Amino acid sequence: MASLHNFNSASTHTNLEKSSLEVEPNSIMPRCRDVHAVTIECGLNNDGDAGISLTWEDLWVTVPDGKGSSRPIIQGLTGYARPGQLLAIMGPSGCGKSTLLDTLAGRLGANTRQAGDILINGHKQKLAYGTSAYVTQDDTLLTTLTVREAVYYSAQLQLPNSMSKSEKKERADMTIREMGLQDSENTRIGGWGAKGLSGGQKRRVSICIEILKRPKLLFLDEPTSGLDSAASYYVMSRIARLDQRQGRTIIASIHQPSSEVFELFHNLCLLSSGRTVYFGPTSAANEDIEEGSTGKKSTEEVISILVKSYKSSDGYQQVQRQVSEICKREGRALEKSRSHASFLTQCLVLTKRSFVNMYRDLGYYWLRLAIYVALALGLGTIYYDIGFSYSSIQARGAMLAFVASFLTFMTIGGFPSFVEDMKVFERERLNGHYGPSAFVIGNTLSSLPYSFLISLIPGAIAYYLTGLQKGCEHFIYFAAMLFTCMMLVESLMMIVASIVPNFLMGIITGAGIQGLMILGGGFFRLPDDLPKPFWRYPLFYIAFHRYAYQGMFKNEFEGLRFASNQVGGHKTINGEDVLRNMWEVDMDYSKWVDLAILLSMVVLYRLMFLVIIKTVENVKPAIRALMSANPKQAAQIMMNPSDTSIHM
Ligand SMILES: Nc1ncnc2c1ncn2[C@@H]1O[C@H](COP(=O)(O)OP(=O)(O)OP(=O)(O)O)[C@@H](O)[C@H]1O
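Cut-offs applied
Residues numbered from 1 in each chain as written. Predicted model: local features only at pLDDT ≥ 70, side-chain atom pairs only at ≥ 80, totals over all residues. Pairing = 2+ DSSP bridges. Helix = DSSP H or I, 4+ residues; strand = E, 2+ residues; numbered from the N terminus. Axes fitted to C-alpha atoms, helices over the stretch in contact; angles between N-to-C directions. Expected span 1.5 Å × (residues − 1). Contact = placed C-beta atoms within 7 Å. Parallel < 35°, antiparallel > 145°, perpendicular 65-115°, else oblique. Left-handed = near helix turned anticlockwise from the far one by under 90°. Domains from an automatic or database assignment. Nonpolar A, V, L, I, M, F, W, Y, C, P; charged D, E, K, R; others polar. UniProt positions renumbered as here; feature names shortened; annotations may be inferred. pLDDT = per-residue confidence, 0-100. Core = buried A, V, L, I, M, F, W, Y, C linked by C-beta atoms within 7 Å. Buried ≥ 20, exposed ≤ 12 C-beta atoms within 10 Å, placed from the backbone. Near = placed C-beta within 6 Å.

Q: Hey, could you go over the sheet that holds strand β7 (residues 249–253) for me, with residue numbers and the actual values?
A: Sheet strands line up and pair through hydrogen bonds in the backbone, either parallel or antiparallel. Taking strand neighbours across the sheet as the criterion, the six strands line up as β5-β6-β7-β3-β8-β9 in an open arrangement whose pairing is mixed. Whereas interior strands pair on both sides, the edge strands pair on one side only; in this sheet they are β5 (132–135) and β9 (275–281). Shown here is a sheet whose adjacent strand axes are inclined to one another by a mean of 15 degrees, direction ignored. Across six bridges, the pairing between strand β8 (residues 267–272) and β9 is antiparallel. Within β9, the residue paired with leucine 268 across the bridge is glycine 280.

What follows is the structure, given as structure tokens:
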């Protein structure tokens, strides 16, 4: 084991990376049997069990090197994984473990190119939903939920409607027990700022969620990273029990396992610079590695010797034989599983889960409510009992503009919490739990009561302390406008979150967009004075602030009379004149039209978010397939971009 551990050590990293970079990019292609996308096949295993035997042959993955050529990440790998067995993918950091795992699971990034065959018992079909699961390195979980809640909600989301609620609960309970989490099932997962589960427990919750559907094939990307040796052993022993009991095929990339953890694996795929150094039973690995690492040689030389010695070894011949044997004995293709929970169930469960999360996450709405109340008190005191003097016209305008701009702008405060939601959504979407439409509906419905509260309470404080126009209808309009604008900013931030990769950049981008819209909204510079290019056309018409300012102004000024400042002229001045002449408000349509336009914008923005998510979802695999395709196949994909299952 000692030499195996040395081989894995981080000290070899630089040399190994260097050696992988030094491979002549153009030398790859002639060695590839075919440049094409890889198809994953599913079927019954060789023994007739409903298991999955995965084989891969001469697998290559390359990425552009930025100089017009490509760099290989994995090079000509051949191997297999069988039901009831645990396969470890090991090797130093950067050797291509995660890339191999992603390739096998069909999750490679859009900039990669792959070639070779990935087969299961010789059938060409995509991995159907529920037949495989992938547990990523980071535990992206809703930190406010308890273990039991997280697993229960997930069971309701993933398991089909043909199962009763109690059956789903039973499945969730059983899975919690399988992963040894029953003692902490009522503990909140916890995360930043709120201690909850330990790292190992979180990892087990992530695994728990992914095995609820009883997938036949389980991919685990470094399930023990960040855990101490005791926690690593505990997590891995639970995983090992899964494959023995349920005949699962489990493939895990793993870093420097302890000897106890190492012994839990049946087979080992040892990589270096994207090449196989060893593939075979873990029990035989030591001798092979030790044979290859003799003498005082540089790491690169040792790797080269190891790769060569592996290629000329009996073990290599045996792997080739095993792979062709598995491929020859074609099993029956697995039926396509369409057993999701129904769309309605998904929307309901997501609404409930998101409502609970928003309730428990202080940063989502409660903190904002407190700050809004403070700001509303501030507004109410500086504009207290505003009256109907001539100067109250300007004060009213400023007060309303502050509400429509700054109070809505502050909706950005909930963005970090939304980004956390998005991370969970992205993981669950990638694993096929539900789609973006259910997420948008769940998020929208769950946020309604909170947005309602934070527009009603602070809105009432500011409205009545200032003494704005009396009458229930006027207050309802004011609160409805505030509510709609908050929903709108949330929708805008959703779009930002789908485009901008992290929350800091998201906040800056969202704030910048809103800043521009506020400037072009027709209050800080009146509409007729706005410079024509950009500010007047098109920003004035796109900025939601324009409709918010004009709607709020109409709501407030229509029907009021103010003292005039003209000596000897009219004693009073009416609100309509103020709107037309002072604020340059478009009086051709009513305030309700402004509100309706804003409501339509909320719907439009949320639809845009959906379209962006769906487009990215469809375009990414199409780009990857395009990059791996030959010209004829590329034309086929161009004509039908959504069909990325075109087999090559
Ligand atoms: N999509 C990509 N584009 C460019 N380079 C990539 C891409 N995916 C992986 N690589 C590069 O390929 C190499 C292997 O990466 P990979 O993540 O597979 O390594 P790993 O063995 O899992 O490393 P670690 O143990 O540190 O997680 C790295 O040098 C990485 O930078």
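Q: How would you sum up helix α12 (residues 314–328)? Please name residues and give values.
A: The end-to-end C-alpha distance of α12, which contains 15 residues, comes to 21 Å, matching closely the 21 Å that a straight helix rising 1.5 Å per residue would cover. Looking at the packing, one finds that the buried side of α12 touches β1 (54–64), β2 (70–81) and β9.

Q: Summarise the packing of helix α18 (residues 472–499) against helix α19 (residues 503–519); cite the residues concerned and give the values.
A: Viewed as axis vectors pointing N to C, α18 and α19 meet at an angle of 135 degrees, and their least axial separation amounts to 10 Å. The pairing of α18 with α19 is recorded here as oblique in orientation. The element α18 and its partner α19 pack so that their crossing is right-handed. Of the residues in α19, those in contact with Leu492, Met493, Val496 and Ala497 of α18 are Gly506, Thr509, Gly510 and Ile513.

Q: Quick rundown of the domain arrangement of the chain? Include the residues and the values.
A: Assigned domains within the chain: domain 1 (2–131 + 215–328), domain 2 (138–214) and domain 3 (343–613). Taking the mean C-alpha position of each, domain 2 and domain 3 sit 37 Å from one another. Counting residues at the interface gives 11 residues for domain 2 and 14 residues for domain 3. Residue contributions to the side of domain 2 that touches domain 3 peak at four residues, all from helix α5 (residues 147–158). When the residues that make up the side of domain 2 that touches domain 3 are grouped by side-chain class, the tally is five nonpolar, five polar and one charged.

Q: Residues and numbers for the UniProt feature "transmembrane region" (unreviewed entry) in the chain, please.
A: Within the UniProt annotation, "transmembrane region" (unreviewed entry) is assigned to residues 365–386, 398–419, 439–463, 475–497, 503–526 and 592–613. Within residues 365–386, the helical portion is 82% and the strand portion 0%, while the C-alpha atoms at the span's ends are 30 Å from each other. Within the segment residues 398–419, helix and strand shares are 77% and 0% respectively, and the terminal C-alpha atoms sit 33 Å apart.

Q: Go over the confidence of the model for the chain with me, naming the residues and quoting the values.
A: The predicted model of the chain has a mean per-residue pLDDT of 84, with 82% of residues at 70 or higher. At the low end of the mean pLDDT range in the chain sits helix α3 (residues 28–31), at 31; at the high end sits helix α21 (residues 544–557), at 97. Overall, residues 631–635 carries pLDDT values under 50, and its contacts beyond four positions in sequence, including any with other chains, amount to four contacts. Note that pLDDT drops below 50 for residues 641–648; the model gives that stretch 17 contacts with residues more than four away or on any other chain. Both confidence scores are given for the complex: pTM 0.83, ipTM 0.97.

Q: Break down the nonpolar core for me, with residues and values.
A: Within the largest apolar cluster, 158 residues are counted, with the highest numbers of intra-cluster contacts made by Ala88, Ile89, Ala150, Cys485 and Leu488. The dominant element in this core, judged by the number of residues it contributes, is α18, at 17 residues. Not counting the four nearest positions on each side in its chain, alanine 88 is found in contact with Ala252, Ile254, Phe265, Leu268, Cys269 and Thr282.

Q: If you had to explain the environment of methionine 90 to someone new, which residues and values would you point to?
A: If you trace the backbone, methionine 90 turns up in strand β3 (residues 85–90). Overall, the presence of 26 C-beta atoms within 10 Å leaves methionine 90 in the buried class. Considering only alpha carbons, one finds methionine 90 and alanine 194, 104 residues apart in sequence, at a separation of 34 Å.

Q: Explain the sheet that holds β1 to me, and be specific about the residues and the numbers.
A: Spatial ordering of the open sheet is given by β2-β1-β4, a layout of three strands whose pairing is antiparallel. In this open sheet, the two edge strands, each paired with only one partner strand, are β2 and β4 (113–120). Strand-to-strand, the axes of this sheet are offset by a mean angle of 10 degrees, without reference to chain direction. Note: β1 against β4, seven bridges, orientation antiparallel. Bridged to glutamate 57 within β4 is aspartate 117. Strands in contact with α12 are β1, β2 and β4; relative to β2, the strand with the most contacts, it is inclined by about 70 degrees.

Q: Would you mind going over the site of the ligand in detail, with residue names and values included?
A: Close to the ligand lie 16 residues; Ser93, Lys97, Ser98, Thr99 and Gly109 are nearest. Among the elements that take part in the shell around the ligand, helix α4 (residues 97–105) stands out by supplying three residues, more than any other.

Q: Quick rundown of the packing of α5 against helix α13 (residues 343–360)? Include the residues and the values.
A: At a minimum axis separation of 9 Å, α5 and α13 run at an interaxial angle of 160 degrees. In terms of orientation, α5 lies roughly antiparallel with respect to α13. By crossing handedness, the relation of α5 to α13 is classed as left-handed. Contacts between α5 and α13 involve Tyr153, Gln156 and Leu157 on the former and, on the latter, Thr345, Gln346, Val349 and Arg353.

Q: Outline α5, supporting the account with residue identities and numerical values.
A: Compared with an ideal rise of 1.5 Å per residue, which puts 12 residues at 16 Å, α5 spans 16 Å between its outermost C-alpha atoms and is within 8% of the ideal. Considering only its buried residues, α5 is in contact with α6 (165–178), α7 (199–210) and α13.

Q: Lay out unusual backbone geometry in plain terms, naming residues and giving numbers.
A: The linkage connecting tyrosine 537 with the following residue, proline 538, adopts the cis geometry, with an omega of 15 degrees. Counting through the fold element by element, proline 538 comes out in strand β11 (residues 537–538). Phi is positive for glutamine 256, which is not a glycine, with a value near 35 degrees. Within the fold, glutamine 256 resides in the loop between β7 and α9 (259–263). One non-glycine residue, glutamate 584, lies in positive phi territory at about 50 degrees. Among the secondary structure elements, glutamate 584 is positioned in the loop between α22 (575–582) and α23 (591–628).

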